[in-house]
Structures are given as C-alpha cells and as structure tokens.
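Survey of secondary and tertiary structure
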Amino acid sequence: MNPYVTSFLVSALGLGTALTFSSSHWLLAWMGLEINTLAIIPLMTQNHSPRSVEAAAKYFITQAAAAATIMFASATNAWLTGSWDISHLSHPASATIAFMALALKVGLAPVHFWLPEVIQGLSLTTGLILSTWQKLAPFALIVQITPALSPTLLLGMGLTSTLVGGWGGMNQTQVRKVLAYSSIAHLGWMIIVSQISPSLALLALTLYVVLTTSAFLTMKASSASSLNTLAASWTKAPALVALASLALLSLGGLPPLSGFMPKWLILQEMTKQGFPLIATFAALTALLSLFFYLRMCYAMALTISPNTSGSSPTWRFSTSQASLLLATATIGALGLLPITPSFLSAFSLS
C-alpha cells in the first residue's frame, strides 16, 4: 500500500478515536466510531487475499449493525428523556441496547462470534490494531454508560466472556485465533469491574494493550501463524522465543509478571465489594486461558530439535520489523508488577 495512503488511514484511526474520547454528544461519538470502522477496512484488505476480503466484509457488517443499534438506542433515549448527552443515558432499555451494541463492537461474549474469524483472516499487524486500538473508543463509551446499567448484566456478560475466552481458545491451533479468544477473556475481566471501579477497568485495559502488543509483535517477528510453526521458532531466535514465552505467561496472569497485576487488583476489589463467589469463578476461568498459553509456550520452547514437527522448516530471512516497539512492549509485559503502587496512584486507586 502507498505510504501516503497508509499514513492517511492511520491518521483517520487516531481522529476517530480522539473524536469519540472528546465527545459528550451521542452523534459525535457515533461519528468517531464510524470513522474508525471505515479507516481500518482498507488496512484489512491490503493483502488482496480472499480470506482478508472475507474478514473485512464480516467486520463491516458487524460494525454497521452495532453502529445502527447505537444510533437507535441514543435516539430512543433522546425521545424519552430529551437529552443526547452520553452521561444522561438514564432510561434502562436505551442503556441496555447501547451496551449490547458496544459489546458487539468490541467482541464481548455472547456477541463475540465474529472476532476470532475476522482476526484469523488478517495479518498480525492489522490484527494487533483490531485487538487494541479499535477497542479504546467503544470501551470509553462503555465506561461512561455503566452507571445506568444493571450490575447483573455486567457481571453476567463479564463472566461469560472470561469463560468463553478460556474455553474457546483451548482447541485452537492458529496463533491469531488464540490471541482473539485471549482478547475476549481479558475484556470480560474489565467488564466485571467496570461499574465497581472504572479506574481499575482502565488500568486493566492499559495493561491489556501492552501485553497484547508484545504478544502480536513477537509472533510477527518469529513469523508464527500456527503451533506447528511455533515449534520451529527456537532454532531461529532463541532469545526472542524465550521472551515470547514469558509474554504469553504474563497474558495468562502468572506472577511475578505484569499480567498478574490487573487480575490481582480486580479479584481484591471484587472480594472487598462482597462478591467472593464471582471472584472465585473468574479466577477459575483464568486457569482455562492459562492452559492454552502454556500450550503455546510448550510448542515454542520445549519442542526443540530433535522433534516431530509436522511442518517443513522455513527459510531464515532477516526481519525488517522495527524492534523498538517490540522491546518496549516486552519490557512492559514482563516488569511492571514491582511498580504497582505507582499505577495505583496514577489511576487514583490507592
């Protein structure tokens, strides 16, 4: 793709997200979401393969349905209450419809079915954008409307997402589908705590972006697309594979890595608020996710030669990927737990 076109589309992605962040009116927020959707579709189809075109079509249909539902919910609320303000979404029916539409946009269970199929049809770079940047604007709207929502709805969808994200990823052999189900599970953790502590939900989102960026970029650097290709990665770049294994374990929430921080704080907050059973169930669903992260680590680091890999070895080309973002994200994925008090102060959680 022409560099000028790429820079224009990336700028449009930034503009759409900034517009949604800064708006207090539903129409402006809706415009920001639409700019985001229209800007990423050319990036999805830049490979011109049937799979990427199919993924872009699925994404467009899903996002268009969600945008129409958001407009319906906001117009219904304006008709009933006389206000287009996002913070004045007070009617329960309008708030529930808007939340379900935003859940469809980010891929929360049980409206998650499009997400693994779409990410599987994209390159790892575009999949990274879809898994991180494209979730920021809808999640900002979700955090703003959670006071008007039923706690039962939020907790139910959050727990369903953590369960589906862990269960769905267990049988997958494709790296992008595993990371898609990982995204669903992490979003569930954020939704569980979004009404009780929005600042903690934003902290979890921030760390999710760092961890997912590290995972996607390490997979891209090692040219991994499935568990079979992961098995041949150690001989090509042992240091990178060792760091990738640690980044995946951090995504699973193992201490003393950075991914343990949001899970630990969310479980602590849920217990303090009188939801010990929900906290216990969420912790058990995290074990399901940890299983497929360990499976990927086993494929990368514990199946070194001589092995019985079913794939032919790939040529060892030198990578042209910039390593600064990969290094920064990996350091963030591995070493942020000791500075948890600083995060608590920054997000006003102490």
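Residues numbered from 1 in each chain as written. Predicted model: local features only at pLDDT ≥ 70, side-chain atom pairs only at ≥ 80, totals over all residues. Heavy atoms only, no water.

Per an unreviewed UniProt entry, the protein chain carries the name NADH-ubiquinone oxidoreductase chain 2 and comes from Salanx chinensis. Entered under Catalytic activity (unreviewed entry) in the UniProt record, the comment concerning the protein chain runs "a ubiquinone + NADH + 5 H(+)(in) = a ubiquinol + NAD(+) + 4 H(+)(out)". As recorded by UniProt, the Sequence similarities (unreviewed entry) comment attached to the protein chain reads in full: "Belongs to the complex I subunit 2 family." (UniProt positions renumbered as here; feature names shortened; annotations may be inferred.)

1. Focus on the packing of helix H3 (residues 50–81) against helix H4 (residues 92–106)
At a closest axis distance of 8 Å, the pairing of H3 and H4 adopts a crossing angle of 160 degrees. Compared by their axis directions, H3 and H4 come out roughly antiparallel. The interaxial crossing formed by H3 with H4 has left-handed handedness. Contact with H3, carried on its side by Thr62, Gln63, Ala66, Ala67, Thr69, Ile70, Phe72, Ala73, Thr76, Asn77 and Leu80, involves Ser94, Ile97, Ala98, Ala101, Leu102, Leu104 and Lys105 of H4 and no other residues of that element. Taken together, the residues that form the contact of H3 with H4 break down as 11 nonpolar, six polar and one charged. (Axes fitted to C-alpha atoms, helices over the stretch in contact; angles between N-to-C directions. Helix = DSSP H or I, 4+ residues; strand = E, 2+ residues; numbered from the N terminus. Parallel < 35°, antiparallel > 145°, perpendicular 65-115°, else oblique. Left-handed = near helix turned anticlockwise from the far one by under 90°. Contact = heavy atoms within 4.5 Å. Nonpolar A, V, L, I, M, F, W, Y, C, P; charged D, E, K, R; others polar.)

2. Here we look at the pattern of salt bridges
This structure, assessed with the given rule, holds three salt bridges. Ionic pairing is found between Glu54 and Lys58, a salt bridge with its closest N-O pair at 2.9 Å. Of this pair, Glu54 and Lys58 both sit in helix H3, separated by four residues, roughly a single helical turn. Its relative accessible area of 44% is what places Glu54 among the partly exposed residues. Assessed through its relative accessible area of 30%, Lys58 is described here as partly exposed. Note that Lys272 and Glu269 form a salt bridge whose closest N and O atoms lie 3.9 Å from each other. (Salt bridge = Lys/Arg side-chain N within 4 Å of Asp/Glu carboxyl O. Buried < 20%, exposed > 50% of the residue type's maximum accessible area, 1.4 Å probe, protein only.)

3. As for the nonpolar core
With 52 residues, the main nonpolar core has Trp26, Phe99, Leu108, Ile145 and Met261 as its most contacted residues. Within the second largest apolar cluster, 29 residues are counted, among which are Val178, Leu179, Ala299 and Ala333. (Core = buried A, V, L, I, M, F, W, Y, C linked by side-chain atoms within 4.5 Å.)

4. Considering the UniProt feature "transmembrane region" (unreviewed entry) in the protein chain
This chain's UniProt record puts "transmembrane region" (unreviewed entry) on residues 57–80, 92–115, 136–158, 178–193, 200–219, 239–257, 277–304 and 324–347. Across residues 136–158 one finds 78% helix and 0% strand; the C-alpha atoms that close the span lie 17 Å apart.

5. Side note on the environment of Glu117
Along the chain, Glu117 turns up in helix H5 (residues 114–120). When the C-alpha atoms of Glu117 and Lys58 are compared, they prove to be 8.5 Å apart, with 59 residues separating the residues in sequence. Among residues more than four places away in sequence, those in contact with Glu117 are Lys58 and Lys177.

6. Things to note about the packing of helix H1 (residues 3–22) against helix H2 (residues 26–44)
Axis angle and axis distance: for two packed helices, these are the angle between their axes and the distance between the axes, and together they describe the pair. One can describe the packing of H1 onto H2 by two numbers: an axis separation of 7 Å at closest approach and a directional angle of 160 degrees. When the interaxial angle is binned, H1 and H2 end up roughly antiparallel. At the point where H1 passes H2, the crossing takes the left-handed sense. When H1 is examined against H2, the residues Leu9, Ala12, Leu13, Gly16, Thr17, Leu19 and Thr20 are found in contact with a partner set consisting of Leu28, Ala29, Met31, Gly32, Leu33, Ile35, Asn36, Ala39, Ile40, Pro42 and Leu43. When its residues are assigned to classes, the contact of H1 with H2 shows 13 nonpolar, five polar and no charged.

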